[in-house]
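Examination of the molecular architecture
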Amino acid sequence: MATFELSPEVRWSDQDLLGHVNNARMITLIEECRVRWMHEIRAGHITGGGLLVARQTIDYLVPVMYGPELKMTVTVKKLGNSSFTVNTRGDQEGRQVFDHDCVLVHIDRDSQKPTPLTPELRAVFEPYLQD
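Here's what I pulled together on the structure shown here. (Residues numbered from 1 in each chain as written. Predicted model: local features only at pLDDT ≥ 70, side-chain atom pairs only at ≥ 80, totals over all residues. Heavy atoms only, no water.)

**Structural notes on the state of the cysteines**
We apply this condition: What counts as a disulfide here is a pair of cysteine sulfur atoms lying within 2.5 Å. For each residue, the accessible area found with a 1.4 Å probe, counting protein chains only, is set against the maximum for its type, and the residue is called buried under 20%, exposed over 50%, and partly exposed in between.
Counting across every chain of the model gives zero disulfides. There is no disulfide at Cys-33, and the cysteine sulfur nearest it, in Cys-102, is 12 Å away. Given a relative accessible area of 0%, Cys-33 falls into the buried group.

Structure representation (structure tokens):
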């Protein structure tokens, strides 16, 4: 299974009063990671930008802290007919700190309705599909 890894710069301003990375900032960092992955595999060019973030969940296992390197790893958890689930795992100091799932729906930009994933999209996502 292929993975995409990114260690985003966690800024001092991303933390809250306890030194934890603020939860809203975490979603932004995860989005940046997902967008960079999509750009690398050229998925945005294939979809024409027709993607809707339908749902996202995050489970924090321990606080994400400002300071230590944060490594994010992207895989695909599920491929559906018109949607797919991207999983982003966060690790810091050798342990998992969060698990994030994002359900993206492929939509027709004109009608704004779900449309099946094309064979070309499936081909770029399948190497990242979790076993």
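**Let's talk about the side chain of Thr-75**
Inclusion rule: Runs of E in the DSSP output that reach at least two residues are strands. Runs of H or I that reach at least four are helices, and both are numbered from the N terminus. Polar contact is defined as a pair of N or O atoms within 3.5 Å, subject to the rule that within protein one atom must be able to donate a hydrogen and the other to accept it, and that residues adjacent in sequence are counted only when both atoms are side-chain atoms. Contacts between residues were defined by any pair of non-hydrogen atoms, one from each residue, lying within 4.5 Å.
Note on placement: Thr-75 falls in strand 3 (residues 70-79). Look at Thr-75 and you get buried, because its relative accessible area is 6%. A polar side-chain atom of Thr-75 sits 2.7 Å from a polar atom in the side chain of Gln-130. Once you skip the residues sitting within four places of it in the chain, Thr-75 turns out to touch Met-1, Ala-2, Thr-3, Thr-85, Val-86, Asn-87, Tyr-128 and Gln-130.

**Here we look at unusual backbone geometry**
Backbone geometry places Glu-93, a non-glycine residue, at a positive phi of 50°. Within the fold, Glu-93 resides in the loop between strand 4 (83-92) and strand 5 (95-106). You will see that Gln-112, though not glycine, has its phi angle at about 65°, which is positive. Under the relative-accessibility criterion, Gln-112 is labelled exposed at 51%.

**Observations regarding the sheet that holds strand 4**
Heads up, the rule is: Two strands pair if DSSP finds at least two bridges between them. Lines are fitted to the C-alpha atoms to define the axes, a helix being fitted only along its stretch in contact, and any angle between axes, read from their N-to-C directions, falls within 0 to 180 degrees.
In space, the five strands of this open sheet follow the order 1-3-4-5-2, with antiparallel pairing throughout. If you trace the sheet from one side to the other, it starts and ends with strand 1 (4-6) and strand 2 (51-60), each paired once. Looking at each pair of strands side by side, their axes are set apart by 20° on average, direction ignored. As defined by bridge partners, strand 1 adjoins strand 3 across three bridges and the pair is classed as antiparallel. What sits directly across from Leu-6, in strand 3, is Met-72.

**What to know about the pairing of strand 3**
Within strand 3, seven of the 10 residues are buried, which leaves the element mostly enclosed by the surrounding structure. Inspection of the sheet shows strand 3 paired to strand 4 by nine bridges, in the antiparallel sense. By the bridge assignment, Thr-75 is partnered in strand 4 with Asn-87. Following strand 3, the chain reverses through three residues before pairing antiparallel with strand 4.

**Quick word on the nonpolar core**
Put simply, the rule reads: Grouping buried Ala, Val, Leu, Ile, Met, Phe, Trp, Tyr and Cys residues that are joined through side-chain atoms within 4.5 Å yields what is termed a nonpolar core.
With 29 residues, the main nonpolar core has Met-26, Trp-37, Leu-70, Met-72, Phe-84, Phe-98 and Phe-125 as its most contacted residues. Put simply, the parts of the chain that give this core at least two residues each are strand 1, helix 1 (23-40), strand 3, strand 4, strand 5 and helix 3 (119-125). Of all the elements, helix 1 adds the most residues to this core, at six residues. Excluding anything up to four places from it in sequence, Phe-125 contacts Trp-37, Met-38, Ile-41, Ala-43, Val-76, Leu-79 and Phe-84.

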